[in-house]
Amino acid sequence: MGNCFSGGGHGHLAVGGASSLPDTNDAVDSFLKSRSSPGLFSRIELSLSASNLRDRDVLSKSDPMAVVYIKGKDGSLQEVGRTEVVQNSLNPQWITKVKITYNFEMVQTLLFHVYDVDTQLHGQEVKTLKLDDQQYLGEGTCTLSQIVSDRKRSRTLNLVSNAESTVSTPPRNLGQLTVHAEEEVVSKTTAELIFKCTDLENKDFFSKSDPFIVISKYVESGATVPICRTEVLKNDLQPVWKPIFLNISQVGSKDSPMVIECFNFNSNGKHDLLGKVQKSLAELEKLSSTKQGENLFLPITIGKDPQTKVLKSQLFVDKYSESVHHTFLDYLSGGCELNFMVAIDFTASNGNPRLPDSLHYIDHSGRPNAYQNAIQEVGDVLQYYDYDRQFPSWGFGARPIDGPVSHCFNLNGSSTNPMVAGIHGIMTAYEQALSNVSLAGPTLFGPVITSAATIASQSLAANENKYFVLLIITDGVITDLQETKDALVKASDLPLSILIVGVGGADFKEMEILDADKGQKLESTTGRVASRDIVQFVPFRDVQGGEISVVQSLLAELPSQFLTYMRNRGIQPKPHPPTTL
């Protein structure tokens, strides 16, 4: 999932891939962006096995096949894949893997159906089998996050027949289905390369060439698309570029051919091709180990025949090394927990909770308000990554009974313990707090961020394998902007991310300052700069009714924030025990 990049250097940054190219790196950047998506997307292989299945055949055992669906919020089913048919087995271990894309910021509900395939249909491609013609053996369901967050990346489900169950008769157990998940390994391997060239042709009249390299891969049509480029080196016919990092999954495999082109940068965008070679990563690794150069060539046409002209210029690979970049799922498999926290804005600008126009109004018809909606959606995703489901929950900007205004009080009313049990516990504590506090103000974030940071700091000191996620839901403009910046800069060194949902119609420009998406890092009063971006802000009104939900927008950056923290501190995933099906 990584992008190829090189270190910033003197001179211009450029792109290439054809004889006439733009004079900035916009083309490659836009190409890479068009191929990448926000959030965490990993390809997962599901391995399935079953035990104690029903025997539906008379003269032999059942011939089971499993079908995997993903279930939409509206109850619709989309088939993801099917296993092969295993003959005469009530305890099948299917070989065929079912591949699915894991999206961290979504709750992906999986449904598994197991069928006994008619003997007459053996040998037929499984994708052509009509499921209505097969004998149904049972079904099981779980979320994909429940599987990948398990230390063994495995989950065993009881198979039931919902069609046979009633209110008075619970579904009977029809066997077990075990699902094991593995991430495709290729996406973890990154190659680091240092290129240099010798004896490049001089294309400039009053100075030397300004070379840069572009790496392109072949696509199915036979065309090439750029995936990587170096910086431009000014006036250099013997250039040595800064390291580039190329994820092997960007290329396809180590043996996939790539086109490596060297260009002379021209400010008019018509860059001169100085030469090219075609090599795979495996061949580039060999060039590095043997210290040999490869002559560049130019495509030419003699008559009507395309030919190549071998040049004196050579390409060398000064360094080739590979490293495994551990993924988000590696850390989850090592037992790392995501601990959910929530802080709710009880300032008076929310309106009287007893009136329908209040943002805190509890609609007894069951329709959630914006605060309940955000808690439920974010909590639904994160709860599976927190083993004990005990969530610190606070309120701010209100006056508890017989007390001064508090900017960080325990939502459950306890004077010492902020923990509540499960998402339902947060919802209950929130509703009770509305009856027990008086809405006040102003809107201060500093105290709740400091409380969350204290818990994260204590966990870090205890060497716990945890990362914390604080959800702040607010309706107003904060009045302690600099104090909040100070708290965030301090917290940027801790295992903590902060999600902010803005509800209502307020002007949230200051929130966007806290969310450093535009590249400007937060700075504290003392001039200290945040070590990383830990805030993601989403105005509820901007995503309401859109294709992307609040939770997807909020959680899009969380995996990268998590990985940045782990890599900055050199924290490796803890090993997880081997699993067998």
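Definitions and limits used
- Residues numbered from 1 in each chain as written.
- Predicted model: local features only at pLDDT ≥ 70, side-chain atom pairs only at ≥ 80, totals over all residues.
- Heavy atoms only, no water.
- UniProt positions renumbered as here; feature names shortened; annotations may be inferred.
- Pairing = 2+ DSSP bridges.
- Helix = DSSP H or I, 4+ residues; strand = E, 2+ residues; numbered from the N terminus.
- Axes fitted to C-alpha atoms, helices over the stretch in contact; angles between N-to-C directions.
- Phe/Tyr/Trp six-rings, centres within 6.5 Å; stacked < 30°, edge-to-face > 60°.
- Buried < 20%, exposed > 50% of the residue type's maximum accessible area, 1.4 Å probe, protein only.
- Lys NZ or Arg CZ within 6 Å of the ring centre and 35° of its normal.
- pLDDT = per-residue confidence, 0-100.
- Contact = heavy atoms within 4.5 Å.
- Arc of directions from axis to C-beta.
- Disulfide = S-S within 2.5 Å.
- Parallel < 35°, antiparallel > 145°, perpendicular 65-115°, else oblique.
- Left-handed = near helix turned anticlockwise from the far one by under 90°.
- Nonpolar A, V, L, I, M, F, W, Y, C, P; charged D, E, K, R; others polar.
- Polar contact = N/O pair within 3.5 Å; in protein donor to acceptor, adjacent residues only side chain to side chain.
- Core = buried A, V, L, I, M, F, W, Y, C linked by side-chain atoms within 4.5 Å.
- Salt bridge = Lys/Arg side-chain N within 4 Å of Asp/Glu carboxyl O.

As annotated in an unreviewed UniProt entry, the chain is C2 domain-containing protein from Centaurea solstitialis. As stated in UniProt under Subcellular location (unreviewed entry), the record for the chain gives "Cell membrane". UniProt annotates the chain under Sequence similarities (unreviewed entry) with the comment "Belongs to the copine family."

Caption draft 1: Up close: the sheet that holds strand S4 (residues 77–82). Strand order in the open sheet formed by 4 strands is S4-S3-S6-S7, and the pairing between neighbours is antiparallel. Whereas interior strands pair on both sides, the edge strands pair on one side only; in this sheet they are S4 and strand S7 (135–143). Ignoring which end each strand starts from, the neighbouring axes of this sheet average 25° apart. Pairing of strand S3 (residues 64–71) with S4, which is carried by 5 bridges, proceeds in the antiparallel orientation.

Caption draft 2: Structural detail: the packing of aromatic side chains. Scanning the model with the defined rule gives 14 aromatic pairs in all. On the basis of an interplanar angle of 85° and a centroid distance of 5.1 Å, the ring pair of Phe328 and Phe562 is categorised as edge-to-face. Of this pair, Phe328 sits in helix H5 (residues 328–333) while Phe562 sits in helix H13 (residues 558–568); the two residues are 234 residues apart in sequence, bridging distant segments of the chain. Each member of the pair, Phe328 together with Phe562, is buried. Through successive ring pairs, a cluster of aromatic residues spans Phe104, Phe328, Tyr331, Tyr385, Tyr467, Phe562 and Tyr565. The positively charged end of Lys196 is found above the aromatic ring belonging to Phe316, 5.3 Å away from the centroid.

Caption draft 3: Quick peek at the confidence of the model for the chain. Chain-level statistics for the chain give a pLDDT mean of 85 and a share of 88% at 70 or above. Per-residue pLDDT stays below 50 along residues 1–39; that stretch engages in 105 contacts with residues further than four places along the chain or on separate chains.

Caption draft 4: Here's a closer look at helix H4 (residues 281–290). The complete set of buried residues in H4 reads Leu281, Leu284, Leu287 and Ser288. The buried residues of H4 occupy one face: seen down the axis, they fall within an arc of 115°. The exposed set on the far side of H4, more than 90 degrees from its buried face, consists of Lys286 and Ser289. One or two steps after H4, the chain reaches Lys291, where phi turns positive at roughly 60°.

Caption draft 5: Structural detail: the state of the cysteines. Per the counting criterion, the structure on display carries 0 disulfides. No disulfide involves Cys262; its nearest neighbouring cysteine sulfur is the one of Cys197, lying 4.5 Å away.

Caption draft 6: Region of the structure containing the packing of helix H8 (residues 446–461) against helix H9 (residues 481–491). Relative orientation of the contacting elements H8 and H9 amounts to 15°, with a least axis distance of 9 Å. Here H8 is positioned roughly parallel relative to H9, judged by the angle of their axes. Of the two possible hands of crossing, H8 and H9 adopt the one that is left-handed. Contact residues: Gly446, Ile449, Thr450 and Ala453 in H8; Thr484, Ala487, Leu488 and Ala491 in H9. By residue class, the composition of the contact of H8 with H9 is 5 nonpolar, 3 polar and no charged.

Caption draft 7: Molecular detail of the side chain of Ser313. In this fold, Ser313 is placed in strand S17 (residues 305–324). Within the structure, the side chain of Ser313 is placed 2.6 Å from the backbone oxygen of Asp199, a separation counted as a polar contact. Contacts of Ser313, omitting those with residues within four sequence positions, involve Thr198, Asp199, Leu200, Glu201, Glu294, Asn295 and Leu296.

Caption draft 8: Structural view of the nonpolar core. Judged by nonpolar contacts, the single largest core of 80 residues is most densely connected at Tyr102, Phe346 and Leu382. Counting residues in hydrophobic clusters, the runner-up holds 32 residues, among them Ala453, Leu470, Val489 and Val535.

Caption draft 9: Focus on the pairing of strand S12 (residues 224–229). The element S12 is extensively covered by neighbouring structure, given that 5 of its 6 residues are classed as buried. With 5 bridges joining them, strand S11 (residues 211–218) and S12 adopt antiparallel strand pairing. Its bridge partner lying in S12, Ser216 is registered against Pro226.

Caption draft 10: Representation of the packing of helix H6 (residues 370–382) against helix H7 (residues 422–436) in the model. Between H6 and H7, whose axes approach to 10 Å, the crossing angle comes to 165°. Judged by the inter-axis angle, H6 sits roughly antiparallel to H7. Every pair of crossing elements has a handedness; the one defined by H6 and H7 is right-handed. From H6, Tyr371, Gln372, Ile375, Gln376 and Gly379 reach across to H7, where they touch Ile423, Ile426, Met427, Tyr430 and Glu431.

Caption draft 11: Highlighting the pattern of salt bridges. One pass over the structure, following the stated rule, counts 13 salt bridges. Residue Lys203 is joined to Glu201 by a salt bridge in which the shortest nitrogen-to-oxygen separation is 3.6 Å. Glu201 sits in the partly exposed class, given a relative accessible area of 39%. Notably, a salt bridge pairs Glu285 with Lys254, separated by 2.7 Å at the nearest N-O pair. Pair noted here: Glu285 is in helix H4 and Lys254 is in the loop between helix H3 (248–251) and strand S14 (258–264), with a separation of 31 residues, a long-range link. Glu285 sits in the partly exposed class, given a relative accessible area of 32%.

Caption draft 12: Broad picture of the pairing of strand S16 (residues 294–302). Relative to S17, S16 runs antiparallel, the two sharing 8 bridges. By the bridge assignment, Ile300 is partnered in S17 with Gln307. In sequence, S16 turns back onto S17 through a hairpin of 2 residues, with Gly303 there showing a positive phi of about 70°.

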